[in-house]
Structure formats: C-alpha cells, structure tokens
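Structure assessment
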Protein chains: 2
Amino acid sequence: MTLMDTRVDDGYPTRITGTPERLPRVHPTVWGTEADGPIDAATLANHDAKGYTVVEGLLSPGEVQTYWQDLVRMSSGDGLADDERVITEARTGEVRSIFDVHETSELIAELVRDPRVLDRARQILGSEVYIHQSRVNYMPGFKGTGFYWHSDFETWHAEDGMPAPRAVSCSIALTDNYVFNGGLMVMPGSQRTFVQCVGETPDQNYKSSLKDQRVGVPSEDDITAMAAEHSIDQFTGAAGSALWFDSNIMHGSSNNITPYPRSNIFLVFNSVENALQEPYAASAPRPSFIAGRNSTPITR
Amino acid sequence: MTLMDTRVDDGYPTRITGTPERLPRVHPTVWGTEADGPIDAATLANHDAKGYTVVEGLLSPGEVQTYWQDLVRMSSGDGLADDERVITEARTGEVRSIFDVHETSELIAELVRDPRVLDRARQILGSEVYIHQSRVNYMPGFKGTGFYWHSDFETWHAEDGMPAPRAVSCSIALTDNYVFNGGLMVMPGSQRTFVQCVGETPDQNYKSSLKDQRVGVPSEDDITAMAAEHSIDQFTGAAGSALWFDSNIMHGSSNNITPYPRSNIFLVFNSVENALQEPYAASAPRPSFIAGRNSTPITR
C-alpha cells in the first residue's frame, strides 16, 4: 500500500479547510474480551461506552512516594533547560512535562511492564502493545495553566501518522485530584465521534502546541454540540489512582489557582498492529520522544 | 473621631511593606439572632462557623428566566463600551460585569427589597442595611477567566474605607454552577482571619483590578496556610440558588473552558452602622458605582 492509498482510505481526515464535520468513528474502542486480561466484562463494557475507566489505588501510597521522589529528581537535574524532552510553562519557565520517561527512568520502565498496567493495555487494545508516548506532568499550584479541549488521536493521526484510534492512555495521579485543582475533564462517549479540526499544521507545531495548543482544536460549535450530547465528567481521586482513557476522547482541563499541585505519570500504549505511518496532515513527523516509532512489543 | 484616630484604631492594617501577617478578626461574622429574620438558629451558627450559606432555589425557574433576559438586555445596549460601569474581559473585550445594577435595573431594585433577600441581609448583619455594591457578572464559556484568591473586605477596607467586615454578599446564580465551569471556591472559616496584603495601592487601581487583581492579593505562603487550615469548598447548584458569603472570606475561581457560561447577580449589603470612611490604604476612594456612599437604609 502506498502513501497515497493510505490517504484515500483515511477515515479520519482533519486539519481541513472549510467547515469541520463530526464523523462517526470507524474502529472499536475496546478490542479485547474479559478472557484477555484482568478487566472484567462489565468494566470493559463501561469503558467501551464511556471511553474511560478509573482504577482506584493502582499504586500503593508507598509506590506513590517512590514515583514522586523520582519526579522531583528528574525535574531538578542539571541541563534540563537544554533538553528538548523537557517542556516548560510558557509564562513562568517552570518544568511542566518531561517526555520519554520510560527510556530515562528505570522506575517508569518497570511500571510500563507491571502487569497492573501492561495487562490492562493489552486487554483494551486486543494485541501486543508498545509505548507511543510517556511523560510526567507537573501542574504547579497557584498558576498552573490547563489544556483546552482536544482529542489526542486527532493530533497523533495528523502529526504522527497513527492510522487508527487503537491506542489507550493511562494517567496515574501522583497527587490528590480534587474538583478544583485542574483535574482532567472528559466527555463520556465522545470517543465514538471524530471531530475534524480546521487549519493547516504549521511546521514544528509541537514546539508550541505542547504548551498551548492552537491547531488541532475543535470549533466552539463542535465543543458545544459534543458537551450537549455527552456531558462532562471530571476525574477526581486520591494519589495512586489511574485513569485509562481512549485516544479519541474529548478532554481538557482548567487552570489551577489552588495551592495543590497536580502531578501524574502519563503512558500511552499503542497496538503493535497500529504502528505509525507518515503523518496524515503534517509535512514531517514529530520527534520520537513525542511519538515513538519503535513498535517492538513490550515484554515483561 | 478624626481620620488619624481611625487609622490608629484600625484592626485591619493592609497594603503594608514587609512581611504580611494573618490577624484574628476583631468583629463577629453573624450579628443578628434567629428572632431577627427567616434564617433558623442552626443555619446562622453554620454561617458563623463557615462564613457562607447556600440557599437552594431562592429564585424560581421563571424568575431566573426573567432576570436572565434582563441581563441580556443590559449587556447588549448601546454605548456600553463608554460606560465606566461596564467592565469588559481584558483579552476579548466582551462584557464581564455591569455595576450599579440596583440603580439601573428596576428588576434588581425590586430584588434588593425582596424579603427573601433583604430580610436575610438584615438578620446576618443585625441592623438596617444598604447596598455597598451591585453587579451582574457574566463569565462566558470557552474562555472565561477566573479570579485569584482574595478577601473582598481587604479591598473594601483599603480602597473604600469600610471600617469593619460587617457586610455580606449575596450571589444569585442565573446559570447552573457545575464543578467545572469556574464556580466560586471558598475557604470555609477563613473569614475569621484577616490576611494582610503587601504593596501600596496604585492610583485608580480599580480600573485594572476589576479585570485582574494584582494588588490586594495574599502571598502564596498565606494562601497555602489558609487552605491547609480551612480546606476549599466549591459552590455548585442550579440556577436560582443563592450563596451568601461573608465580606472577609477567602475566595477565588478558576477559568472556564466548558461551553457553559456562568452568570450571576451579585449584591453586597453593608450595615448602616458600618458606613464608609476615608480609604484606609489608598489615596482616594473608588467611584460610587463600585462603592456606594449613600447609607440610607433600604426599605420595602
């Protein structure tokens, strides 16, 4: 199959000119069954319907401490400012995210292979998996800025060449998530709809979009329609809880003026049967620390 | 008593240089008793402890509609941009607040005299009352910006010359308040502490502070200590519900990226025994549309 064929067959056209449409998703949300892993049938059905699943206490309080110390260590190293894998807050210069942590932190490399994590990823995606993206996020208190509404898959498809939404994200809270400190908001069921975004992708868009996304953002009309149809749920929970969410779910977060920072480990698993192609709507693929191109299956 | 005496006796010094302190409040929160009005003893005791009270369904759904139409009418009039009583969003120019609405809207003038409102204000303050400030607030969806942590009384004392925190605010929701559309966050019990703020008040500070407050803001250390002691509650409720809150309670709000706007009517009642003096920490008082100087008691 040539690149041209891929584009012709593309069920998820985006970064278009003209009026955006809301397209039905071509692919399933849940690809495995109860027999394939630790998630029971009812929870799988719920994930299929809503596009997300909360697992309370995925990490123990002791593990949370260990990972927290690892995050502090990583955020305070020398030479961070020069490392392209470190994203700083646009306004203040503070560390906001560190990418590729499954390659640079032994602890997170272990976590990726932990059966509590890996077996759930395999089960939801119905195949062997690999890491598309890993990062730790740090939203400081008082001035943490949120993220506007978006679908991750829209970007991964357009800019990374991910063919189908056969990827799932696991966000593990390292701090308590309250309703008021900028926790993730999701529109349950929105993963069934692909919302086209308007606008050509600028070269090296990722350098600004990781701080403040301006392309790959749905229209206000589409956000209003999606919220009216699906409503909004907000992820709250104690440190150690995990949110598994579909790559195409519409989500965003508010800013955080409370004194309580919000930190999490963010792991994106992609199916090995969904390896990246050429970008569907960008001139060049993003760097591999943002979009991994080694689709070798993770093994224990 | 001369101005000098007032300043010497001032139990709430603020806009200081040096290290701010957290001072115990000199005055009561609740000044009346169960016999004085419609609020029962338990609710009054709760208001005294927490500094706020929620009254569900203070306005009926039909009344909410009527007031909403009044707000739309007021926000779309001619010559608004030239009216100093109309505050626009710093970034977008959209109407954010309209002040002095009890003087310009007949409906709101009636609301101020409505026994559901007036009798509660009189009871909490234990005296006849007048309007210190009235406004309608409009926080649009998608891009509504919040307000950082502050005590209203700190500003009213410093810039308006309000002697004591014997004032109470009534915020009546005209839209549903969810946890995620920028609803008011309060620190319950924080009204018992006066948090000094650092910095001299610039001339005509109100022209920028109504959009984005930079003076009269507590330190991050003080916000952290107050949140640790008092925690944070967030006001949610259907349109028509009212939040009564003490003039000195620490409060703030996040931004609003949801499609759901948040609008409310905001009425500040002051005791006629607490009429404004010269500002305690500003070179000139703010205009009367922000801080009313006619302390004639409101009558039905």
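Residues numbered from 1 in each chain as written. Chains lettered and ligands numbered in written order. Predicted model: local features only at pLDDT ≥ 70, side-chain atom pairs only at ≥ 80, totals over all residues. Heavy atoms only, no water.

With that out of the way, let us pick up the overall build of chain A. Across its full length, chain A carries 9 helices and 13 strands. What you see for chain A is a C-alpha radius of gyration of 18 Å, in line with the 19 Å of a compact globule of 300 residues. Once the C-alpha set of chain A is aligned to its principal axes, its extents read approximately 50 × 45 × 40 Å. For chain A, the proportion of its 300 residues judged to be buried stands at 58%. Counting only contacts in chain A whose residues sit at least 6 apart along the sequence, the fraction spanning at least 24 positions is 86%. As displayed, chain A has an accessible area near 12,100 Å², and 49% of this comes from carbon and sulfur atoms. (Helix = DSSP H or I, 4+ residues; strand = E, 2+ residues; numbered from the N terminus. Rg over C-alpha atoms; globule rule 2.2 N^0.38 Å. Buried < 20%, exposed > 50% of the residue type's maximum accessible area, 1.4 Å probe, protein only. Contact = heavy atoms within 4.5 Å. Areas by Shrake-Rupley, 256 points an atom, 1.4 Å probe, with all protein chains shown as cover.)

Residues and elements named next belong to chain A. Spatially, 4 strands are ordered E6-E12-E8-E10 in an open sheet, and the strand pairing comes out antiparallel. With partners counted over all chains shown, the strands left at the sheet margins are strand E6 (150–151) and strand E10 (233–234), one partner each. Here 3 bridges tie strand E8 (residues 184–186) to strand E12 (residues 250–253), and the two strands are oriented antiparallel to one another. Following the sheet pairing, methionine 185 is matched in E12 by glycine 252. (Pairing = 2+ DSSP bridges.)

Turning next to the packing of helix H5 (residues 106–113) of chain A against helix H6 (residues 115–125) of chain A. Residue and element names in this part refer to chain A. Closest axis-to-axis distance for the H5/H6 pair is 5 Å, and the angle between their directions is 50 degrees. Overall, the two elements H5 and H6 adopt an arrangement that is oblique. Seen from H5, the contacting residues are Leu111, Val112 and Arg113; seen from H6, they are Pro115, Val117 and Leu118. Here the contact of H5 with H6 is composed, by residue class, of 5 nonpolar, no polar and 1 charged. (Axes fitted to C-alpha atoms, helices over the stretch in contact; angles between N-to-C directions. Parallel < 35°, antiparallel > 145°, perpendicular 65-115°, else oblique. Nonpolar A, V, L, I, M, F, W, Y, C, P; charged D, E, K, R; others polar.)

A few words now on the interface of chain B and chain A. Taken together, the 24 residues of chain B in the interface contact 24 residues of chain A. Overall, the association of chain B and chain A removes approximately 2,000 Å² of surface from exposure, summing both partners, and the carbon and sulfur fraction of that is 65%. Contributing elements (two or more residues each) for the side of chain B that touches chain A: helix H9 (220–230) and strand E12 (250–253) of chain B. If you tally residues by element for the side of chain B that touches chain A, the top one is H9 of chain B, at 5 residues. Classifying every residue of the side of chain B that touches chain A by side-chain character gives 14 nonpolar, 8 polar and 2 charged. (Buried area = accessible area lost by both parts, 1.4 Å probe.)

We now examine the relation of the copies chain B and chain A. At an RMSD of 0.0 Å, chain B and chain A line up after a rotation of 180 degrees and a shift of 0.0 Å along the axis. In the structure described here, the two chain copies are related by an operation that fits a two-fold rotation axis. Both copies share a contact surface, since 100% of the interface residues of chain B are interface residues in chain A too. (Least-squares fit on C-alpha atoms with pLDDT ≥ 70 in both.)

This part takes up helix H6 (residues 115–125) of chain B. Because an α-helix packs 3.6 residues into every turn, residues spaced three or four apart end up facing the same way. Residue and element names in this part refer to chain B. With 9 of its 11 residues buried, H6 lies for the most part within the structure. Residues Val117, Leu118, Asp119, Arg120, Ala121, Arg122, Gln123, Ile124 and Leu125 constitute the buried set of H6. Phi for glycine 126, located one or two positions after H6, is positive at around 65 degrees.

Quick look at the pattern of salt bridges now. All told, the structure shown has 30 salt bridges over all chains when counted by the stated rule. Here glutamate 220 of chain B ties to lysine 143 of chain A by a salt bridge, and the two come within 3.8 Å at their closest N and O atoms. Separated into two different chains, glutamate 220 of chain B in helix H9 and lysine 143 of chain A in the loop between strand E5 (129–139) and E6 make up a pair that spans both. Salt-bridge contacts for arginine 22 of chain B lead to aspartate 222 of chain B; the nearest nitrogen and oxygen are separated by 2.6 Å. (Salt bridge = Lys/Arg side-chain N within 4 Å of Asp/Glu carboxyl O.)

Now for the pairing of strand E5 (residues 129–139) of chain B. Residues and elements named next belong to chain B. The buried fraction of E5 amounts to 10 of the 11 residues, a majority that puts the element mostly inside the structure. When E5 meets strand E13 (residues 262–271), the two strands line up antiparallel, connected through 10 bridges. Residue pairing for E13: methionine 139 is matched across the bridge by arginine 262.

As for its position among the elements, arginine 96 of chain B is in strand E4 (residues 95–99). Among the polar contacts listed, one links the side chain of arginine 96 of chain B to the side chain of threonine 145 of chain B, at a separation of 3.0 Å. (Polar contact = N/O pair within 3.5 Å; in protein donor to acceptor, adjacent residues only side chain to side chain.)

Note that threonine 258 of chain A resides in the loop between E12 and strand E13 (262–271). Threonine 258 of chain A gets classed as buried once you look at its relative accessible area, which sits at 0%. A distance of 2.8 Å separates the side chain of threonine 258 of chain A from the side chain of asparagine 256 of chain A, its partner in a polar contact. In contact with threonine 258 of chain A, other than residues within four places in its own chain, are Gly141, Phe142, Phe180 and Asn181 of chain A together with Trp149, Met185 and Ile232 of chain B.

Quick look at the confidence of the model for chain A now. Residue and element names in this part refer to chain A. When pLDDT is averaged across chain A, the result is 92; 95% of the residues are at 70 or more. Across residues 1–6, confidence stays below pLDDT 50; counting only partners more than four residues off in sequence or on other chains, it has 4 contacts. Across the interface, the model reports ipTM at 0.85; the global pTM reads 0.89. (pLDDT = per-residue confidence, 0-100.)

With that out of the way, let us pick up H9 of chain B. All names here are of chain B. Where H9 is concerned, the buried positions are Asp222, Ile223, Met226, Ala227 and His230. For H9, the angular spread of buried residues about the axis comes to 130 degrees, placing them on one side. In H9, the exposed residues that point more than 90 degrees away from the buried face are Asp221, Ala228 and Glu229. For H9, the elements touching its buried residues are strand E1 (22–24), strand E9 (193–195) and E12. Within two residues after H9, serine 231 carries a phi angle of roughly 65 degrees, on the positive side. (Arc of directions from axis to C-beta.)

Turning our attention to the sheet that holds strand E11 (residues 242–246) of chain B. Residues and elements named next belong to chain B. Across the sheet, which stays open at both edges, the 7 strands sit in the order E2-E11-E7-E13-E5-E4-E3 with antiparallel pairing between neighbours. Strands at the two margins of the open sheet, each flanked by one partner only, are strand E2 (52–55) and strand E3 (86–88). Between one strand axis and the next, the sheet turns by 15 degrees as a mean value, whatever way the strands run. Sheet strands in contact with helix H3 (residues 61–75) are E4, E5 and E13, and its direction is about 80 degrees off that of E5.

Right, let's get into the environment of threonine 155 of chain B. Inspection of the secondary structure puts threonine 155 of chain B in helix H7 (residues 152–160). When the C-alpha atoms of threonine 155 of chain B and tyrosine 280 of chain B are compared, they prove to be 9.6 Å apart, with 125 residues separating the residues in sequence.

So, about the packing of aromatic side chains. Evaluated as defined, the whole model comprises 18 aromatic pairs over all chains. Where tryptophan 244 of chain A meets phenylalanine 269 of chain A, the ring centres are 6.2 Å apart and the plane angle is 25 degrees; that geometry is what we call stacked. Taken together, the positions of tryptophan 244 of chain A in strand E11 (residues 242–246) and phenylalanine 269 of chain A in strand E13 put the pair 25 residues apart, joining distant regions of the chain. You'll find tryptophan 244 of chain A and phenylalanine 269 of chain A in the same group, each marked buried. Note on phenylalanine 153 of chain B and phenylalanine 194 of chain B: the rings are 5.9 Å apart at their centroids and 70 degrees apart in plane angle, and the pair reads as edge-to-face. Here the residue phenylalanine 153 of chain B occupies a position in helix H7, and phenylalanine 194 of chain B occupies one in strand E9, the gap between them amounting to 41 residues. (Phe/Tyr/Trp six-rings, centres within 6.5 Å; stacked < 30°, edge-to-face > 60°.)

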